[in-house]
Amino acid sequence: MLAAALSSFNILQAHHQELYAFSVSDNLVAAGGQGDVHFWDRRTQQRLASFDDMHMDDVTQVLFHAASSKLITASQDGLVAVHELSGGLNQDDGFIAALNVGTSVEQLGLYGSGGQHMWCRTGTETLQLWDWLAATQEDAAGGDTAVADLAEARQMAAAAAGASSAAALFGEVREGLL
């Protein structure tokens, strides 16, 4: 499915806007651009909707949550936005949460059973862990702040690699990280 979406992606256009990230869920393609998120039908390559001014800066990450109908977007503006898409592609009605990372988001992913936790690598090389799914539920505790903020993620990874018995095999890699 991803290969078909990639070949279709070349045809998709967002009014001549650069697109920085995309995600595919069934027949829906979402792509992040300059503050906006655009949606297409993968089968027909027809543009379906746009969430304009969703972020104040470039959208660097777009991710469908596989276990639900939620879309997660992140930007250089330091915000992670969560939308519920089960009611359609309506930006205002579907918005359910914003997580303030505090600095640009370079990469994110989900982990845990059902993907209820999120890791986020920032532009300052920190690693943050979030209980993002709790932030989408009004009556749930937590979710509004990072569970962990590892400010020295790069140094910690290098130190962990140095402490392992296999580190000798990867000395050049480890030296390059330091």
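Please refer to the structure placed before this passage.
None of these values were measured; they are calculated from a predicted model. (Residues numbered from 1 in each chain as written. Predicted model: local features only at pLDDT ≥ 70, side-chain atom pairs only at ≥ 80, totals over all residues. Heavy atoms only, no water.)

Student: I tried to follow the overall build of the protein on my own but got confused; where do I start?
Tutor: Across its full length, the protein holds five helices and 12 strands. Out of the 178 residues in the protein, the part that is buried amounts to 39%. Long-range contacts, defined as pairs at least 24 residues apart, comprise 33% of the intrachain contacts of the protein with a sequence gap of at least 6. Accessible surface computed for the protein: about 9600 Å², of which carbon and sulfur atoms make up 50%. (Helix = DSSP H or I, 4+ residues; strand = E, 2+ residues; numbered from the N terminus. Buried < 20%, exposed > 50% of the residue type's maximum accessible area, 1.4 Å probe, protein only. Contact = heavy atoms within 4.5 Å. Areas by Shrake-Rupley, 256 points an atom, 1.4 Å probe, with all protein chains shown as cover.)

Student: Looking at this model, I keep getting lost on the pairing of strand β7 (residues 79-84). Mind explaining?
Tutor: Counted residue by residue, β7 has five buried out of six residues, so it is predominantly covered. Sheet topology note: the strand β6 (residues 70-75)/β7 ladder contains five bridges and is antiparallel. Note on β7: the bridge partner recorded for A74 is V80. Between β6 and β7, which pair antiparallel and follow one another directly, the connecting turn spans three residues, one of which, G78, has a positive phi of 90°. (Pairing = 2+ DSSP bridges.)

Student: Is there a simple way to think about the pattern of salt bridges in this case?
Tutor: Two side chains that carry opposite charge are able to pair once their charged atoms sit near each other. If you walk through the whole model with that rule in mind, you get three salt bridges. As a salt-bridge pair, K70 and E84 come within 3.1 Å of each other at their nearest N and O atoms. Here the residue K70 occupies a position in strand β6, and E84 occupies one in strand β7, the gap between them amounting to 14 residues. For K70, a relative accessible area of 14% translates into the label buried. Here E84 falls in the buried class, since its relative accessible area comes to 19%. Two residues, R121 and E125, come together in a salt bridge whose shortest N-O distance is 3.6 Å. Residue classification places R121 among the partly exposed residues on the basis of a relative accessible area of 28%. A residue is classified by how much of its surface remains accessible, and E125, at 29% relative accessible area, is partly exposed. (Salt bridge = Lys/Arg side-chain N within 4 Å of Asp/Glu carboxyl O.)

Student: Sorry, what's going on with the sheet that holds strand β10 (residues 117-122) here?
Tutor: Strands pair in a sheet through their backbones, by hydrogen bonds, and they do so in one of two ways: parallel or antiparallel. What the four strands build is an open sheet, ordered β9-β10-β11-β12; its pairing is antiparallel. If you trace the sheet from one side to the other, it starts and ends with β9 (105-111) and β12 (148-150), each paired once. Looking at each pair of strands side by side, their axes are set apart by 15° on average, direction ignored. (Axes fitted to C-alpha atoms, helices over the stretch in contact; angles between N-to-C directions.)

Student: Please explain the environment of M56 as it appears in this structure.
Tutor: Structurally, the position occupied by M56 is in the loop between β4 (47-51) and β5 (59-64). A sequence separation of 19 residues divides M56 from S75, and the C-alpha atoms of the two residues are 7.9 Å apart.

Student: Which parts of the structure should I look at to understand the environment of S86?
Tutor: Tracing the backbone through its elements, the reader meets S86 in the loop between β7 and α2 (91-94). Through-space distance from the C-alpha of S86 to that of K70 is 7.7 Å; in sequence the pair is 16 residues apart.

Student: Before we go on, may I ask you to explain the nonpolar core in this structure?
Tutor: The nonpolar side chains of a soluble globular protein tend to be buried, and buried together. Core analysis: the biggest nonpolar cluster contains 14 residues, and A30, V37, F39, L71 and L85 have the highest contact counts within it. Breaking this core down by element, the ones donating at least two residues are β2 (28-32), β3 (37-41), β4 and β5. The greatest single-element share of this core, amounting to three residues, is contributed by β5. Leaving out residues up to four positions away in the same chain, L71 has contacts with A30, V37, F39, V62, L63, F64, A81, V82, H83 and L85. (Core = buried A, V, L, I, M, F, W, Y, C linked by side-chain atoms within 4.5 Å.)

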